[in-house]
Amino acid sequence: MATTLDDLTPEDLSLLLNGLPLLSHALWGPSGAWCEEMRHAATTDELKKLGELTDSPEAAHVIAGYLKTFGDCKQASEILEEDYVRLFISDRGGITASLHHSAYESEGGRLMGRPVKMMENRLKASGLALPGEGSVPADHLAVEVEYLTLLLEGAFENGGEDLLVTARDFAREELRPWLEQLTKRLQKEIDRPFYPAVTQLLLAIVSLIVE
């Protein structure tokens, strides 16, 4: 395990920069193409290595093992779509957790709070655009993870030390605090462990970046 981000080898960095978008795509909802990529990461031990790198081997093991229980990606996507909707979009008894940062800063989990404007400003400064031409609030977890990935890519591939400082500050001050809360809310999902494991592994990566 790497103790801090500074301890990573070039191979470790490549693994991290590939793993972040792979996990963030899961948070847009499952698709056939993404499922194939995730299954490939499982069979080539990319997920295993990512878990070991971030001191979260159990989460990576759960993700890989759960995907292997399905005969193909069509079946996997159907089940994961059911889980995704129930956990994050709509459920009779209320969703388990929100994928929006604002819900963790307001009473009653209201959306469209301070984090939306914060992320809109960050994305604009970085020259990024949201998928769906702004139909998704900018404080969605997948957006924040993809923004963090962009900062890290700029830092490590282009030698942007200032981007590394920005990435660490963003991970520490904005992303990690509410990701910790989201992960905690998903812990009880024992029977359907995929998304709890995804958020747990993401939290481990974010924590490594912070350190």
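Small disclaimer: the values here were computed from a predicted structure and weren't measured. (Residues numbered from 1 in each chain as written. Predicted model: local features only at pLDDT ≥ 70, side-chain atom pairs only at ≥ 80, totals over all residues. Heavy atoms only, no water.)

Caption draft 1: Broad picture of the overall build of the chain. A tally of helices and strands in the chain yields nine helices and zero strands. Ordered by position from the N terminus, the helices and strands of the chain form the series α-α-α-α-α-α-α-α-α. At 16 Å, the chain has a C-alpha radius of gyration in line with the 17 Å of a compact globule built from 211 residues. The principal-axis extent of the C-alpha atoms belonging to the chain is close to 45 × 40 × 30 Å. For the chain, with 211 residues in total, the buried portion stands at 49%. Restricting the contact set of the chain to residue pairs at least 6 apart, pairs at least 24 apart contribute 68%. For the chain, the accessible surface area stands at approximately 10300 Å², while carbon and sulfur atoms represent 49% of it. When the 19 positive and 35 negative side-chain charges of the chain are each reduced to one mean point, those points stand 6 Å apart. (Helix = DSSP H or I, 4+ residues; strand = E, 2+ residues; numbered from the N terminus. Rg over C-alpha atoms; globule rule 2.2 N^0.38 Å. Buried < 20%, exposed > 50% of the residue type's maximum accessible area, 1.4 Å probe, protein only. Contact = heavy atoms within 4.5 Å. Areas by Shrake-Rupley, 256 points an atom, 1.4 Å probe, with all protein chains shown as cover. Lys, Arg positive; Asp, Glu negative; His and termini not counted. Charge placed at Lys NZ, Arg CZ, Asp CG, Glu CD.)

Caption draft 2: Region of the structure containing the side chain of Ser-98. Along the chain, Ser-98 falls in the loop between helix 5 (73-89) and helix 6 (114-126). Here Ser-98 falls in the buried class, since its relative accessible area comes to 10%. At 3.0 Å, the side chain of Ser-98 forms a polar contact with the backbone nitrogen of His-100. Sequence-distant contacts of Ser-98, defined by excluding residues within four places in its chain, comprise Ala-103, Tyr-104, Leu-111, Trp-178 and Leu-182. (Polar contact = N/O pair within 3.5 Å; in protein donor to acceptor, adjacent residues only side chain to side chain.)

Caption draft 3: Looking closely at the pattern of salt bridges. Going through the model one piece at a time under the given rule, you end up with eight salt bridges. The closest approach of N and O atoms between Glu-189 and Arg-86, which form a salt bridge, is 3.0 Å. One end of the pair, Glu-189, is in the loop between helix 8 (161-186) and helix 9 (194-210); the other, Arg-86, is in helix 5, and 103 residues separate them in sequence. Among the residues examined, Glu-189 registers a relative accessible area of 12% and is labelled buried. (Salt bridge = Lys/Arg side-chain N within 4 Å of Asp/Glu carboxyl O.)

Caption draft 4: A look at the state of the cysteines. What the rule picks out here adds up to one disulfide. Each disulfide pairs two cysteine sulfurs, and for Cys-35 the partner residue is Cys-73, the sulfurs being separated by 2.4 Å. Taking the torsion about the sulfur-sulfur bond, which here is approximately -85 degrees, the covalent link between Cys-35 and Cys-73 counts as left-handed. In this pair, Cys-35 is assigned in helix 2 (residues 32-43) and Cys-73 in helix 5, connecting sequence segments 38 residues apart. Under the relative-accessibility criterion, Cys-73 is labelled buried at 7%. (Disulfide = S-S within 2.5 Å.)

Caption draft 5: Just helix 5, in detail. Residues of helix 5 that are buried include every one of Cys-73, Ala-76, Ser-77, Leu-80, Asp-83, Tyr-84, Leu-87 and Phe-88, and no others. Axial view of helix 5: buried residues confined to an arc of 135 degrees, hence all on one face. Helix 5 presents Lys-74 and Ile-89 as exposed residues on the side facing more than 90 degrees away from its buried surface. Buried residues in helix 5 make contact with helix 1 (10-26), helix 2, helix 4 (57-67), helix 8 and helix 9. The residue sitting at the N-terminus of helix 5 and contributing the capping side-chain oxygen is Asp-72; that oxygen lies 3.2 Å from the backbone nitrogen of Lys-74. (Arc of directions from axis to C-beta.)

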